[in-house]
Amino acid sequence: MPPIKTEPRQYDLVVVGAGHAGCEAAMAASRLGLDTLLLTINVDRIGHLSCNPAIGGLAKGHMVREIDALGGMMGLWADQAGIQFRTLNTRKGPAVRATRAQIDRRSYLQVVQRDIFAQDHLWVREGMAAQLIIEQGRISGVVTRIGERITSRTVLLTTGTFLQGLIHVGLNHYSGGRLGDPASNELSDSLRQAGFELGRLKTGTVPRLLKNSVDFSVMEPQPGDDPPPPFSFRTTEIPLPQVECHLTWTTPAAHAAIRTGFDRSPMFTGIITGTGARYCPSIEDKVARFPEKDRHQVFVEPEGLHSPEVYPNGIPTSLPLDIQKEMIRNIPGLERAQIVRPGYAIEYDFCPPTQLSPTLETKAMPGLFMAGQINGTSGYEEAAAQGLWAALNVVCSLTDRPPFLMRRDQAYMAVLVDDLVTKGTSEPYRMFTSRAEHRLLLREGNADQRLTPLGRELGLVNDSHWALYIAKKQQLETILAAVDAVRVKPDSSSRDILQGIGAAIPGKMVTLSAILRQPDVSITALAPFCEEISTTDALVLEEAEIEIRYEGYLRRQEELVIASRELEIVSLPEGLDYSDVSGLTSEAVEKLNHIRPLTIGQAGRISGITPAAVTSLEIHMKKMGLL
């Protein structure tokens, strides 16, 4: 029996909330030696997938890879609980290809809880944080609803949809953090009393259906990839059986049923005041906004290998239950489907993220950090990325290390954090590849090359993880050198091989890498010319092919990064009063004093800050002798 951990009198970090942000943060902080408490309303729901039982997708899969490359957990957990893996956008360029996995909801919860409860320096407590403890202008812990006082050097709030959560089904609404769990109704007041501005957002979910009542025979099967592509660079095999999803569509009759419920929709009647997600609208919103469309996709996805429920992805709704039933009855394959749990919308409080510094520490309250939906984001992956980011900055702040900050050209999670703290958001923020200026540099496949050395430096990448990284790095360097060194003569034997793979015959001797840059020529097809190709791992070959094929584009993006980096390294004085900067408009002064950008580059990304304003800042810095 392992020794019982002795609970400290004071924690280094209290993480409030055990969703994706909280679990990622608690694991990272404790693995790096901080005495950490994970405080959650319901211990049984640690690691629960509240909405869709899936992880990854466009840009989201990139962030899961980045979390893994740094030594985080989400990718490993998803691989251990995944029951279907697919690479999306395979016919498009490498920048926008992404992995998505369907997850066994129960298995995911089990693997997360297994690691959480086994982790050294990590304690778990069931309780609801009701009040912040503030001493001398700094956070020093929380008080639970039953009056327990928990002291800590830092606090990280990862409250998800629980702050003043209000669930809506039709015109009926009641308090709740999600279906089956209570809302946190006191912490919002404590935040307001501490001087924080709060806003209101909305999200929603679909009705869950009884699997045995669904007719899958009339739907289009959606198989996963074989072999399944894992998220984690450390995963060697996917342990669970792989299953199919299915595609069906809404119909004009389903849309007609939806319209009959508009007068009882909490969204259309004004009962819901929170702003919903622009890129994940409810089915009633889609029907109202796109009346010319007579059908919308519905992906019927398993909740797990042994779950009696399925998840009809694509029809989130807060319509009354009778309308939900009528809608379902008019979707092919769902005519006899039984609703096990209704779809619903949930409103919740969030803190506009311009109140945060780039470390995700609040500007007004030293030691208080925030991550996840409390910062205005949507999605498991965005939350986990923020949880890891915040935890690493807690560690840095408590160990007198420089803050953990990355540039927008280094990671999607850096784009995410910079967008939040610089531009803010008034609606649930979702990551897209289009948000990154240099997305060709931020591919899923090179996340380890970008970030694993940084994770090693921070101490989160262990020896076995580092050995895998070094081995892949060496393989990649070897195959790139080998392909570039091979010279192909346009002789008879070479012509036969090239004709067989559909490649153009060169008029003179060329490198193998030049042939690979031809359209539709894959690196594996060139194995007859280069022995190393046959002995190199498939993922390494894929990355090598991208680096060779897109060499010119990659070089140009790197040149742009270097050119723009000059403004990113020019730090603005911490106490600068922007009203003293000549040439700035009153709007610019107000925004700069509110956001308090760290660099001139960040200042230029603030909404409403013009190139002329940036020039004024540069001139002011030169006058101060800082540029």
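Okay, so let's go over this structure. (Residues numbered from 1 in each chain as written. Predicted model: local features only at pLDDT ≥ 70, side-chain atom pairs only at ≥ 80, totals over all residues. Heavy atoms only, no water.)

### Focus: the environment of Val-581
Structurally, Val-581 is set in the loop between α17 (551-568) and α18 (586-595). In this structure the C-alpha to C-alpha distance between Val-581 and Thr-377, which are 204 residues apart in sequence, comes to 33 Å. Residue contacts for Val-581: discarding those within four places in its chain leaves Ser-616, Leu-617 and His-620. (Helix = DSSP H or I, 4+ residues; strand = E, 2+ residues; numbered from the N terminus. Contact = heavy atoms within 4.5 Å.)

### Description of the pairing of strand β11 (residues 172-175)
Looking at chain direction, strand β10 (residues 166-169) and β11 are connected through four bridges and run antiparallel. Paired with Val-169 across the two strands is Asn-172, which belongs to β11. Between the antiparallel neighbours β10 and β11 lie two residues, among them Gly-170 with a positive phi of about 65°. (Pairing = 2+ DSSP bridges.)

### Details of the sheet that holds strand β19 (residues 344-350)
The strand order across the open sheet built from four strands is β11-β10-β19-β12, with neighbouring strands paired in antiparallel fashion. The sheet terminates laterally at β11 and β12 (199-205), the two strands that pair on one side only. In this sheet, neighbouring strand axes are inclined to one another by 25° on average, regardless of whether the strands run parallel or antiparallel. With three bridges connecting them, β10 and β19 associate as antiparallel partners. Within the sheet, the bridge partner assigned to Leu-166 lies in β19 and is Glu-347. (Axes fitted to C-alpha atoms, helices over the stretch in contact; angles between N-to-C directions.)

### A short note on the state of the cysteines
A full pass over the atoms with the stated rule returns zero disulfides. The closest cysteine sulfur to the non-disulfide-bonded Cys-245 is located on Cys-51, 15 Å from its own sulfur. (Disulfide = S-S within 2.5 Å.)

### Some remarks on the sheet that holds strand β5 (residues 98-103)
Whether parallel or antiparallel, the strands of a sheet pair through hydrogen bonds between backbone atoms. Taken together, three strands build an open sheet; the order of strands is β3-β5-β4 and the sheet is antiparallel. One side of each edge strand has no neighbouring strand; the edge strands of this open sheet are β3 (54-56) and β4 (82-88). Strand after strand, the sheet turns through a mean of 20° between neighbouring axes, direction not considered. Judged from the six bridges that link them, β4 and β5 form a sheet pairing that is antiparallel. Considered in β5, the bridge of Phe-85 is made with Ala-101.

### A few points about the packing of aromatic side chains
Scanning the entire structure with this criterion turns up seven aromatic pairs. Ring plane angle 65° and centroid distance 5.9 Å describe the contact between Tyr-11 and Trp-123, whose orientation is recorded as edge-to-face. Taken together, the positions of Tyr-11 in strand β1 (residues 11-16) and Trp-123 in strand β6 (residues 122-126) put the pair 112 residues apart, joining distant regions of the chain. For Tyr-11, a relative accessible area of 3% gives the class buried. Under the relative-accessibility criterion, Trp-123 is labelled buried at 12%. Here the basic side chain of Arg-295 rests over the ring of Trp-249, its NZ or CZ set 3.6 Å away from the ring centre. (Phe/Tyr/Trp six-rings, centres within 6.5 Å; stacked < 30°, edge-to-face > 60°. Buried < 20%, exposed > 50% of the residue type's maximum accessible area, 1.4 Å probe, protein only. Lys NZ or Arg CZ within 6 Å of the ring centre and 35° of its normal.)

### What to know about the packing of helix α11 (residues 447-458) against helix α12 (residues 463-485)
Following both chains from N to C, one finds α11 and α12 inclined at 145°, their axes separated by 11 Å at the closest point. The way α11 lies across α12 gives a crossing that is left-handed. Residues Asp-448, Gln-449, Thr-452, Pro-453 and Arg-456 of α11 touch α12, and the partners they reach there are Asp-463, His-465, Trp-466, Tyr-469, Lys-472, Lys-473 and Leu-476. When grouped by side-chain class, the residues that make up the contact of α11 with α12 number four nonpolar, three polar and five charged. (Left-handed = near helix turned anticlockwise from the far one by under 90°. Nonpolar A, V, L, I, M, F, W, Y, C, P; charged D, E, K, R; others polar.)

### A closer look at the packing of helix α1 (residues 20-31) against helix α4 (residues 105-118)
Contact geometry of α1 with α4 gives a least axis separation of 11 Å together with a crossing angle of 30°. Between α1 and α4, the crossing angle belongs to the class labelled roughly parallel. Along this stretch, α1 crosses α4, giving a crossing that reads as left-handed. Between α1, through His-20, Cys-23 and Met-27, and α4, the contact on the second element is made entirely by Tyr-108, Val-112, Asp-115 and Ile-116. By residue class, the composition of the contact of α1 with α4 is five nonpolar, one polar and one charged. (Parallel < 35°, antiparallel > 145°, perpendicular 65-115°, else oblique.)

### So, the pairing of β5
Among the six residues that make up β5, six are buried, leaving the element largely enclosed by the rest of the structure. Bridge count for β3 against β5 is three bridges, and the pairing is antiparallel. Each residue of the ladder has a partner; that of Gly-56, found in β5, is Arg-100.

### Things to note about the pattern of salt bridges
In the structure shown here, the tally under the stated rule is 38 salt bridges. Across the pair Glu-382 and Lys-60 runs a salt bridge whose closest N-O atoms are separated by 2.8 Å. Note that Glu-382 is positioned in helix α9 (residues 380-398) and Lys-60 in helix α2 (residues 60-69), a separation of 322 residues in sequence. Look at Glu-382 and you get buried, because its relative accessible area is 0%. Asp-181 serves as the salt-bridge partner of Arg-178, at 2.8 Å between the closest nitrogen and oxygen. Asp-181 gets classed as buried once you look at its relative accessible area, which sits at 7%. A network of salt bridges, in which partner residues are shared, links Arg-408, Asp-418, Asp-419, Lys-423, Glu-437, Glu-568 and Arg-605. (Salt bridge = Lys/Arg side-chain N within 4 Å of Asp/Glu carboxyl O.)

### Some remarks on the environment of Asp-225
Of note, Asp-225 is situated in the loop between β14 (220-222) and β15 (245-249). With relative accessibility at 29%, the residue Asp-225 sits in the partly exposed group. For the pair formed by Asp-225 and Asp-419, sequence separation is 194 residues and the distance between their alpha carbons is 33 Å. Among residues more than four places away in sequence, those in contact with Asp-225 are Phe-85, Arg-86 and Thr-87. Among the polar contacts listed, one links the side chain of Asp-225 to the backbone nitrogen of Thr-87, at a separation of 2.8 Å. (Polar contact = N/O pair within 3.5 Å; in protein donor to acceptor, adjacent residues only side chain to side chain.)

### Side note on the side chain of Thr-161
Among the secondary structure elements, Thr-161 is positioned in the loop between β9 (149-157) and β10. Polar contacts involving the side chain of Thr-161 include one to the main-chain carbonyl oxygen of Gly-177, which spans 2.6 Å. Ignoring anything within four residues of it in the chain, the contact list for Thr-161 reads Gly-176, Gly-177, Thr-203, Ile-346, Tyr-348 and Gln-373.

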